[in-house]
Amino acid sequence: MERHNEAAEAYDQALQIEPDDHWALHQAALEHGFAGNSTRASELFEAALRHDQDGCHQTLVDYGDHLRRQGRIGDAVKLYRKAVAAVPTDPEWKQTLREAERELLAAPN
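Quick notes on the rules
Residues numbered from 1 in each chain as written. Predicted model: local features only at pLDDT ≥ 70, side-chain atom pairs only at ≥ 80, totals over all residues. Heavy atoms only, no water. Core = buried A, V, L, I, M, F, W, Y, C linked by side-chain atoms within 4.5 Å. Buried < 20%, exposed > 50% of the residue type's maximum accessible area, 1.4 Å probe, protein only. Helix = DSSP H or I, 4+ residues; strand = E, 2+ residues; numbered from the N terminus. Axes fitted to C-alpha atoms, helices over the stretch in contact; angles between N-to-C directions. Parallel < 35°, antiparallel > 145°, perpendicular 65-115°, else oblique. Left-handed = near helix turned anticlockwise from the far one by under 90°. Contact = heavy atoms within 4.5 Å. Nonpolar A, V, L, I, M, F, W, Y, C, P; charged D, E, K, R; others polar.

**Q** What's the story with the nonpolar core in this structure? I'm lost.
**A** Nonpolar side chains in soluble globular proteins generally cluster together in the buried interior. By size, the foremost hydrophobic cluster in this structure holds 24 residues, and its most contacted members are Leu15, Leu25, Leu44 and Tyr80. If you list the elements that add at least two residues to this core, you get α2 (22-34), α3 (38-50), α4 (57-69), α5 (73-86) and α6 (91-106). Considering each element in turn, this core owes the most residues, seven residues, to α5.

**Q** How should the packing of α3 against α4 be read in this particular structure?
**A** Packed helices, taken two at a time, are described by their axes: the angle between them and the distance between them. One way to put it is that α3 packs onto α4 with a least axis distance of 10 Å and a crossing angle of 160°. The orientation of α3 relative to α4 falls into the category roughly antiparallel. For α3 against α4, the interelement crossing comes out left-handed. Two secondary-structure elements touch here, α3 through Ser38, Ala41, Ser42, Phe45, Glu46, Ala48 and Leu49 and α4 through Thr59, Leu60, Asp62, Tyr63, His66 and Leu67. For the contact of α3 with α4, the per-class residue count stands at seven nonpolar, four polar and two charged.

**Q** Please explain the side chain of His26 as it appears in this structure.
**A** Of note, His26 is situated in helix α2. Looking at His26, the relative accessible area reads 0%, which means it is buried. Once residues lying within four places of it in the same chain are set aside, the contact partners of His26 are Phe45, Ala48, Cys56, Gln58, Thr59 and Asp62.

What follows is the structure, encoded as structure tokens:
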């Protein structure tokens, strides 16, 4: 956990130089999420999606994973569906989507 905090701080410093860099935002979001800073991670994932000029579908999957860990399975499924629609040949993303959909169906209302 401590290493994730250090990495998150390093990405935050990089973002001071390049605040709109998609990949830095994405990586900072991952590290903040793993460090337990869920709100900051979500903000960074949202920013990464806004600044994604190349269609990085991995951001959708990673943000979905983050939301899923937060118990936001419905929101995660939406992101997984977008990723699978964009890259329908990726078997890992399809499997992740199927598992999340099953989890969503089993969730209490």
